[in-house]
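The residues making up each chain are set out below.
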Amino acid sequence: MPPFATPPISPLSITFDGQTGTMSPEGPVLTRRMSDLAGLFADTAAWEAAVADGDPVVYQVASSPVPEAEGELPQSITTILPGTVAGEFHMTKGHQHPNPQGEIYLGLSGTGGLLLFDGERPQWIDMAPGVIGYIPPGWAHRSVNTGDEPYRFLAVYPGNAGHDYGWVLANGMGHRVYRGEGATPRFEPFTATP
Ligand code: PAN
Ligand code: ZN
């Protein structure tokens, strides 16, 4: 076997269901509840009330069996359930890749957006089924469900990129995303969570 192959992964076919967010064969499945999103929503009292009121699931990440290892290209499907915390849309924690590398997202079902931040400039990409969102190296990224049904997307990223969540806790994402008039989200400048 040439040195660039990473045993024991062999070529494989992965089927996925864009309506349920499942993959087969399936690797780890991660569940993020409201309590896992400490320090991220602006309204701490509303976040605490949601945690006390059943600590609902905010999103799930289902991964394929491809490992996060150098040279591999792992994939995962994220499902963000609809809802807000005092008007601020349900969202992922958001992270930087400490080993700066690009990533692609493909919208599968529902509607949402990709909030990107390079430390100075916030950027927004509207996401829907059939849209590819490209995340260049060095841009922190967070996904937001801006609709009334689950928002799902497929992510493909380099296996040695890593995930740094502390960077977003320290620096924010430039904007906060709130339910606005009609289908258009309302953006507000980032304020630190009290
Ligand atoms: C995605 C994210 C996934 C969950 O697979 O990891 O949507 O978001 P958080 O990792 O911010 O909780 C990705 O960008 N991977 O690199
Ligand atoms: Zn990422």
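Residues numbered from 1 in each chain as written. Chains lettered and ligands numbered in written order. Predicted model: local features only at pLDDT ≥ 70, side-chain atom pairs only at ≥ 80, totals over all residues. Heavy atoms only, no water.

Turning next to the coordination of the zinc ion (ligand 2). Each donor-metal-donor angle in an ideal tetrahedron of four donors is 109.5 degrees, and each such angle in an ideal octahedron of six donors is either 90 or 180 degrees. The coordination sphere of the zinc ion (ligand 2) contains the protein donors His95 (NE2), His97 (NE2), Glu103 (OE) and His141 (NE2), at a distance range of 2.1 to 2.3 Å. For the zinc ion (ligand 2), the six donor atoms are set out with angles of 74 to 174 degrees between them, so the coordination reads as octahedral. Along the chain, the residues that donate to the zinc ion (ligand 2) are spaced as H-x1-H-x5-E-x37-H. Judged by its relative accessible area of 10%, His95 falls in the buried class. Accessibility expressed as a relative area gives 5% for His97, which makes it buried. (Donors = N, O, S within 2.8 Å, 3.2 Å for Na, K, Ca; no water. Tetrahedral: all angles 85-135°; square planar, octahedral: opposite > 155°, others 65-115°. Buried < 20%, exposed > 50% of the residue type's maximum accessible area, 1.4 Å probe, protein only.)

In this structure the tally under the stated criterion is four aromatic pairs. Every member of this aromatic cluster is reached through a ring pair, and the members are Tyr105, Tyr151 and Phe153. The ring of Tyr165 is capped by Lys93, whose NZ or CZ atom sits 4.9 Å from the centre of that ring. (Phe/Tyr/Trp six-rings, centres within 6.5 Å; stacked < 30°, edge-to-face > 60°. Lys NZ or Arg CZ within 6 Å of the ring centre and 35° of its normal.)

What follows covers empty space enclosed by the protein. Counted according to the given criterion, the structure contains one cavity of 30 Å³ or more. The space that makes up the largest cavity amounts to roughly 30 Å³. Lining of the largest cavity is provided by Glu88, Phe89, Met91, Leu115, Arg142, Val144, His175, Arg176 and Val177. The set of elements that each furnish at least two residues to the lining of the largest cavity consists of β7 (88–89), β12 (140–145) and β14 (175–178). Ranked by residues supplied to the lining of the largest cavity, first place goes to β14 with three residues. Of the residues in the lining of the largest cavity, the class split is five nonpolar, one polar and three charged. (1 Å grid on protein atoms, 1.4 Å probe; cavity = no way out; pocket = protein on both sides within 12 Å on 5 of 7 lines; lining within 4 Å. Points joined across faces, edges and corners; volume = space filled by probe spheres on them. Helix = DSSP H or I, 4+ residues; strand = E, 2+ residues; numbered from the N terminus. Nonpolar A, V, L, I, M, F, W, Y, C, P; charged D, E, K, R; others polar.)

Side chains carrying opposite charge are able to pair once their charged atoms draw close together. Counting across every chain of the model gives four salt bridges. Across the pair Asp118 and Arg121 runs a salt bridge whose closest N-O atoms are separated by 2.6 Å. Classification of Asp118 by relative accessible area gives partly exposed; the value is 23%. Owing to a relative accessible area of 46%, Arg121 belongs among the partly exposed residues under this scheme. Ionic pairing is found between Asp148 and Arg179, a salt bridge with its closest N-O pair at 3.4 Å. Of this pair, Asp148 sits in the loop between β12 and β13 (151–156) while Arg179 sits in the loop between β14 and β15 (186–189); the two residues are 31 residues apart in sequence, bridging distant segments of the chain. (Salt bridge = Lys/Arg side-chain N within 4 Å of Asp/Glu carboxyl O.)

This brings us to the nonpolar core. By size, the foremost hydrophobic cluster in this structure holds 29 residues, and its most contacted members are Met34, Leu37, Phe41 and Tyr105. Of all elements in the fold, only α1 (44–52), β4 (57–63), β9 (112–117), β12 and β13 reach the threshold of two or more residues within this core. The contact partners of Phe41, leaving out residues within four places of it in the chain, are Met34, Trp47, Val85, Glu88, Phe89, His90, Met91, Arg176 and Thr193. (Core = buried A, V, L, I, M, F, W, Y, C linked by side-chain atoms within 4.5 Å. Contact = heavy atoms within 4.5 Å.)

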